[in-house]
Amino acid sequence: MSAVEQAVEVDGDKLMQFVFRAVDEVGATLNAALVVMGDKLGLYRALAGAGGLTPAELAERTGTAERYVREWLNAQAAGGFVAYDADSGRYSLPPEQTVALTDSDSPAYLPGLFQTAIGSVIDSPAITEQARNGEGFGWHEHVHDVHDGCERFFRPGYNAHLIAEWLPALDGVVGKLERGALVADVGCGHGASTILMAQAFPNSTFVGSDYHKGSIETARTRAEEAGVADRVAFQIAPAAAYSGTDYDLVTMFDCLHDMGDPVGAARHVRSTLKPDGTWMMVEPHAGDRVEDNFNPVGRAFYGFSTLLCTPASLSQDVGLALGAQAGEARIREVVQAAGFNNFRRAAETPFNLVFEARL
């Protein structure tokens, strides 16, 4: 017997709704590049607080070509990133967009997120090939925009929440840091979190580690510039092999899910902590069920997980590939498998979950 395929009736209205939605997606994809362009050329900063500017005026202020600026402004106005006054032909940056696009101290600052996205897209052809055979693509293989963009996106959130909210949410940790503690910041990247903690707690000593040599070199430079190099050391080491023991606190910021062997890394954390020590993990905000993450934040994180996090894990030994939307239950399994008896959610933001683990 042969199966007879039945024709599926297509709803013309729904088809066109999807087509126009897809066109909007193309515009959003292109706009990511335009946001990075505007950030690097200083276009948003020149618009901020300037009232209304013509394309020619903006081009003159930024040393750019008016014809490019005119098209860029129209694309930004069509997407609601800048405002356009038809009577005067001038463009302006609303106060809310000014914060999100120019204030690098605000937790709402977004250019780094767009920069990371563009870097991911640039690397996507290579990752597409790896998807055919299941092999990985390490963080060290990505273009500079991925590394620089990640720091620029995460740093404002750390500045806003780490000292004021996340560390105080941990049991007894702030008191130890104030008196003088030994801290390991694992997967530290450019060292933004390490340096921030060192500045806040001058009696404590910090050891940042990352397997990526280029990031560690940047971190060392940043520590010198911040004046904390006497209390901060950086080492090139994978998460399961960083050096040192008797740490009062071990931290991991947005990196546990990227590791090939997170359980092995967790066991190493356990072996390096003092008996009364604390392990703090900051992970992307995620629900435990797939459908819990069908929202704008979850969509972005699933996208990054496909192009960054999962390939990174698959490039390493074990390749567990937790993904950026692992969720609390999955992180708990990893922590408990390593021998930690106490695990809880200590704090959260719209973008992050903060977990505390103790022996």
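Scroll up to find the structure this text is about.
Just so it is clear, the structure is predicted and the values come from calculations on it, not from any experiment. (Residues numbered from 1 in each chain as written. Predicted model: local features only at pLDDT ≥ 70, side-chain atom pairs only at ≥ 80, totals over all residues. Heavy atoms only, no water.)

Some thoughts on the side chain of Thr349
For Thr349, the location among the structural elements is in the loop between strand 8 (342-348) and strand 9 (352-358). Classification of Thr349 as buried rests on a relative accessible area of 9%. Contact partners of Thr349, with chain neighbours within four places excluded, come to His161, Trp166 and His285. (Helix = DSSP H or I, 4+ residues; strand = E, 2+ residues; numbered from the N terminus. Buried < 20%, exposed > 50% of the residue type's maximum accessible area, 1.4 Å probe, protein only. Contact = heavy atoms within 4.5 Å.)

Description of the sheet that holds strand 6 (residues 247-253)
The seven strands are arranged 5-4-3-6-7-9-8 in an open sheet whose pairing can be described as mixed. Since the sheet does not close on itself, it has two edges, and those belong to strand 5 (232-236) and strand 8, each with one partner. Averaged over all pairs of adjacent strands, the angle between strand axes in this sheet comes to 20 degrees, irrespective of strand direction. Relative to strand 5, strand 4 (residues 205-210) is paired through five bridges, and the arrangement is parallel. Each bridged residue has a counterpart across the sheet, and for Gly208 the counterpart in strand 5 is Phe234. (Pairing = 2+ DSSP bridges. Axes fitted to C-alpha atoms, helices over the stretch in contact; angles between N-to-C directions.)

With respect to helix 3 (residues 55-62)
Listed in full, the buried residues belonging to helix 3 are Pro55, Leu58, Ala59 and Thr62. Buried residues in helix 3, looked at end-on, bunch into an arc of 100 degrees, giving them a common side. Residues of helix 3 that are exposed and point over 90 degrees away from its buried face: Glu60 and Arg61. Gly63, located one to two residues past helix 3, shows a positive phi value of around 65 degrees. (Arc of directions from axis to C-beta.)

Quick notes on the packing of aromatic side chains
By the definition in use, this model includes eleven aromatic pairs. Centre to centre, the rings of Tyr158 and Trp166 are 6.1 Å apart; their planes meet at 70 degrees, and the pair counts as edge-to-face. Taken as a pair, Tyr158 and Trp166 share a single burial class, namely buried. Through successive ring pairs, a cluster of aromatic residues spans Phe153, Phe154, Tyr158, Trp166, Phe253 and Phe351. (Phe/Tyr/Trp six-rings, centres within 6.5 Å; stacked < 30°, edge-to-face > 60°.)

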